[in-house]
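Secondary and tertiary structure notes
What follows is each chain in one-letter form.
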Amino acid sequence: MTFTLTLNHNGVDVSGYTEAQVSLTNGRRTTSEQFRGRGMNVSLVWDSFIGALDPLDFQVNDTLVLTVTTTGVGGAGYAYDLVISDVRIDRNRVNLTAVSRQYAWLGRSQLDLPAYTDQLTGYVIRDVLDRALAAGIVTAAAVADVSATNGTVTVSTDAGTYNLLQFLQTVAASEPLGMLMERRQGTSWLSYNDFRNTASNFSTLYDFSAKDIWAYPWELTRTAADYANTAVVNWRGGSVSFTDPVSVAAVGKYETSVSTYIANQTDAEYLARRIVTFGTDPGLRINELKINTADPSLTAGNRNQIANAMFRPGRRIKTPTIVTGGPTEWVVHGRRDDFVYGGGAAQWKTTFYVIDRTYWDVAQRWQDVISGVTWATVNPAYTWQQLERFDI
């Protein structure tokens, strides 16, 4: 597969000034972070030998559109609509950082919202985005994928004026596996998913071979930042907490708190228990998994999956055993795409930020399972410990 990059600044093509690497990021590196919109880092050479590029033309909030056109995977093209957030000028370069236009505007916008009473998280997120669309804050394409039927938790809020991104992220955090993210290539597409409904049916994005794993550096980590044996969940009626006393007695208290709009105490207690179950055994985290998307040895199918997905949080990646007894299935939470060209064959290196798949699955009490689940609808390969309130 080969690719070409085109960069436009406020409608003017500046591709000829672009240095040999452009980086795109999306999502998050760890589960303790909020999902972020797309980001891009690019450097433009303004040396007078290659033309008259005025570095002072680049201003915060200017538009940058990066178009990636590929061959060998159907000639697909991906256009990224971003706004400049940082400009750094040195002796020879204009160094730019740009962020997703949709996320930027949601983060900078306030809107009067009505009261919501005992509504599913998906309904609230869709309704708020529809109001943002009517106000001209987001585009129709950005909200087309958001379903009002997603979610298993109900939320309640007061009428008032809210920062839109903060409000939406708090609603998403009310779901134990809620994700509000940019999902697709092209125009900024927002997506909201409750992965409690879909985690049992994860499709696999890519199976890494032993050759893939050893082609780039990696490390497995455990960190105190992932540890929690006490959780406080703030909900509509107050707050609830859950503690693992055995863990506290053994290692001391590691407390975390979550702000939500959860409408009932039972869901708040469930979320607190789940956080502690994860937090007392957070599992291994791999810092990154890299693949050269432009590698000619990849099959056409693999290239298509990786290139066309561009960013799909919640997708599964499989690896061979890295350490004895270690995980071999991972869930994607973020990715970085580095486009490197010049001085030889162009490379498109994709880095996936992943967590141990078992971190997704927590043993449940019988009363925590959503009513309506029948054994006939459960994948026969799935175990009871992995069944997590799925509305299958």
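Residues numbered from 1 in each chain as written. Predicted model: local features only at pLDDT ≥ 70, side-chain atom pairs only at ≥ 80, totals over all residues. Heavy atoms only, no water.

**Focus on the overall build of the protein chain**
- Each helix and strand in the protein chain was counted, giving 8 helices and 23 strands.
- Per-residue burial for the protein chain yields a buried fraction of 49% across its 392 residues.
- Sequence-distant contacts in the protein chain: of pairs separated by 6 or more residues, those separated by 24 or more amount to 70%.
- For the protein chain, the exposed area adds up to about 17200 Å²; of that, 50% sits on carbon and sulfur atoms. (Helix = DSSP H or I, 4+ residues; strand = E, 2+ residues; numbered from the N terminus. Buried < 20%, exposed > 50% of the residue type's maximum accessible area, 1.4 Å probe, protein only. Contact = heavy atoms within 4.5 Å. Areas by Shrake-Rupley, 256 points an atom, 1.4 Å probe, with all protein chains shown as cover.)

**A word on the sheet that holds strand β17 (residues 238-243)**
- A sheet is described by the order of its strands in space; here 3 strands give the open sequence β17-β16-β18, paired in mixed fashion. Looking at which strands have only one partner, the edges of the open sheet turn out to be β17 and β18 (255-259). Put simply, the sheet's adjacent strands are angled 15 degrees from each other on average, direction ignored.
- Where strand β16 (residues 230-235) meets β18, 5 bridges bridge the pair, whose relative direction is parallel. Looking at the pairing, valine 232 lines up with serine 257 of β18.
- Against the sheet, helix α7 (residues 265-279) contacts β16, β17 and β18, and its axis sits at roughly 155 degrees relative to β16. (Pairing = 2+ DSSP bridges. Axes fitted to C-alpha atoms, helices over the stretch in contact; angles between N-to-C directions.)

**Focus: the packing of helix α2 (residues 121-134) against helix α4 (residues 164-173)**
- At their nearest, the axes of α2 and α4 sit 9 Å apart, and the two run at 165 degrees to each other. Classified by the angle their axes make, α2 and α4 are roughly antiparallel. By crossing handedness, the relation of α2 to α4 is classed as left-handed. Residue-level contacts link Thr121, Val124, Ile125, Val128, Leu129 and Ala132 of α2 to Leu164, Phe167, Leu168, Val171 and Ala172 of α4.
- When the residues that make up the contact of α2 with α4 are grouped by side-chain class, the tally is 10 nonpolar, 1 polar and no charged. (Parallel < 35°, antiparallel > 145°, perpendicular 65-115°, else oblique. Left-handed = near helix turned anticlockwise from the far one by under 90°. Nonpolar A, V, L, I, M, F, W, Y, C, P; charged D, E, K, R; others polar.)

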